[in-house]
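Summary of the model geometry
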Amino acid sequence: MRTRLLALLLALMTAVLIALGIPLAISRAAAHQQELIRDRVDDLTRFVSDTQLTVVSDTLRAQTDGDVPPGPDAVDLDMLRSELERYEAVYGIRVGAFDRRGQPIAVSHQGFRVDPRSPAFTEALAGRRSDDPGQVWPWQRDRIVVAVPVIHRGDVVAVVLTDSPTGRMRAKIQRVWLILFAGEVVAVLAALLLATRLTGWVLRPVRVLDSVTHEIATGRLGARVAGAQGPPELRRLARSFNEMADHVETVVDQQRAFAADASHQLRNPLSALLLRIEELGLSLPPGHGETLEGVRDEGRRLTRVLDELLELALAENARPSARAVDVAALVHERVDAWQTLARSRARRFEQEGPAALTGNVDPVTLGSALDAILDNALKFAPEDSTITVACAAVGGEVEIRVSDRGPGLTFEEMRRVGDRFWRSPRHQNVDGSGLGLSIARTLLAASGGTIDFAAREGGGLTVTLTVPRAD
């Protein structure tokens, strides 16, 4: 989210800088060219107003009228030509005076000619200064021609023009553009820094909210969001989230307390009821033994259900402390504890995996979950079958796989296994309450572990307990 927000802000900032920078660069280039043109116009105005050029104009006018020019004109033309040559030598700009036909009157060097059909010359013949040529950009090598008409008695009798190189002007424009580009780069970097700090300020509460949400989702219901961060809208959201979390924690605690209290409070009446049933059984006439035994079985079953409800409530309220534990040794210990019951039921356990394997888990939690899995495997494994218990390190986790050769579960049943009080319709005659796997899942989830179910190849069920691996 932060990357997308930064990209959006930078794109907008870049668009604004481009929208401002391009017109500014164009205007600066036009300003430098207009400055050059003003200099050329000023120089041409001086040449036009020069007395020598005026004499030449009079001479041209006299020639036009058929008069004979006065003698000093040749000297005046030489002086004008000399001044034009000095001008080109000093500034490197070609300059010349031309008659209406484009023939040179006086030029800065002999090879300087002009095309009488050029726009600048044509505009000057029309009595206007050609002071608006096309823009020359830094990547072009065009020259700039500026022409000014010489007007005598209301008529254009000659044209004075300059043909200027644009190298210096283009270099100035290029330097200005580089400065503008550097300024925009600095502005983009400043905008990036500002946007980074702004997005960090805006998104910091969102990240905290996401982290606290994950903690609550994993069972740490006491986690809360600090509400004094970020914009006012996010602070209000944090306060509302904390209020919601308080209500959720209260409801969950009430449910857990009810389950624990109900199971605890029912134990004493149930025990008293079982004692009365035993007393009643002593006074029953012969022939009611089977009925009495059924009542006893149901009473014992109800006792187990209450015990498991209490265990589930305790598991949900538990706050296990994970630490480095030798998982392989713990599995070996729990399997040994179940060996006697397995032999009495004509089953056997087979262990696989390394002798030592360290995981990061609460040992009591893992032991209780493993007991529920082993008990479930003994219930459904057929006689004279082997229940395999394997330990292995897979990536950054430790896996404990308990596999039996029982009837297994269908695909639809696999989706519901582990739900509270759920039992497969095919296994209703097997002793149990449907809480054992729920208790195992709750215990493992509280310590960062998981439990998964899969069909075993060749028939049966494989239950996989996963806990984080310790270094």
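Quick caveat, the model's predicted, so the values are computed rather than measured. For every chain, the first residue of the written sequence is number 1, and numbering continues from 1 along that sequence. Thresholds applied to this predicted model are a pLDDT of at least 70 for local features of residues and 80 or more for the giving and counting of side-chain atom pairs; totals over whole chains, interfaces and linings are not thresholded and use all residues. Note that water and hydrogens are dropped before the side-chain values are worked out from all heavy atoms of the structure.

1. Let's talk about the pairing of strand β4 (residues 155-164)
Of all ten residues in β4, nine are buried, a share of seventy percent or more. In terms of strand pairing, strand β1 (residues 94-99) meets β4 through six bridges, oriented antiparallel. Bridge assignment links Ala97 to a residue of β4, and that residue is Val160. Paired strands, as defined in this entry, are two strands with at least two bridges between them according to DSSP. The numbering of helices and of strands both runs from the N terminus, where a helix is a DSSP run of H or I of at least 4 residues and a strand a run of E of at least 2. Pairing of strand β3 (residues 144-152) with β4 involves nine bridges; the strand directions are antiparallel. Residue pairing for β4: Pro149 is matched across the bridge by Val159. The buried label goes to any residue with under 20% of its type's maximum accessible area, the exposed label to any with over 50%, and the partly exposed label to all in between, with areas taken from a 1.4 Å probe on protein chains only.

2. Quick look at the packing of aromatic side chains
For this analysis, a ring pair means two rings from Phe, Tyr or Trp (six-membered ring only for Trp) whose centres lie within 6.5 Å, classed as stacked if their planes differ by under 30 degrees, edge-to-face if by over 60, and tilted for the remaining angles. This structure, assessed with the given rule, holds five aromatic pairs. On the numbers, 5.9 Å between centres and 10 degrees between planes, the contact of Trp137 with Trp139 is stacked. The exposure class assigned to Trp139 is exposed, which follows from its relative accessible area of 61%. Seen in terms of ring centroids, Trp137 and Trp177 are 6.1 Å apart; in terms of plane orientation they differ by 35 degrees. Their pairing is tilted. On the criterion of sequence distance, the pair formed by Trp137 in the loop between α4 (119-125) and β3 and Trp177 in helix α5 (residues 167-217) is long-range, its members being 40 residues apart.

3. Observations concerning the pairing of strand β10 (residues 450-455)
Looking at chain direction, β10 and strand β11 (residues 461-468) are connected through six bridges and run antiparallel. Of the residues in β11, the one forming a bridge with Ala455 is Leu461. Linking two consecutive strands that pair antiparallel, namely β10 and β11, is a turn of five residues; a positive phi of about 90 degrees is found at Gly458 within it.

4. Regarding the packing of helix α8 (residues 327-344) against helix α9 (residues 363-380)
Only the contacting stretch of a helix is used when fitting its axis, a line to C-alpha atoms as for every element, and angles between N-to-C directions run 0 to 180 degrees. Running from N to C, α8 and α9 cross one another at 40 degrees; their axes reach a closest spacing of 10 Å. Where α8 crosses over α9, the two elements pack in a sense that is right-handed. Along its contact with α8, which presents Val327, Leu330, Val331, Arg334, Val335, Trp338, Leu341 and Ala342, the element α9 presents Pro363, Leu366, Gly367, Leu370, Asp371, Leu374, Asp375 and Leu378. Taken together, the residues of the contact of α8 with α9 sort by class into twelve nonpolar, one polar and three charged. Crossings are sorted by hand: turned counterclockwise from the far helix by less than a right angle, the near helix makes the crossing left-handed, and turned clockwise it makes it right-handed. Residue contacts follow a heavy-atom distance rule, with two residues in contact if any of their heavy atoms lie within 4.5 Å. Basically, the charged four are Asp, Glu, Lys and Arg, the nonpolar ten are Ala, Val, Leu, Ile, Met, Phe, Trp, Tyr, Cys and Pro, and anything else, Gly included, counts as polar.

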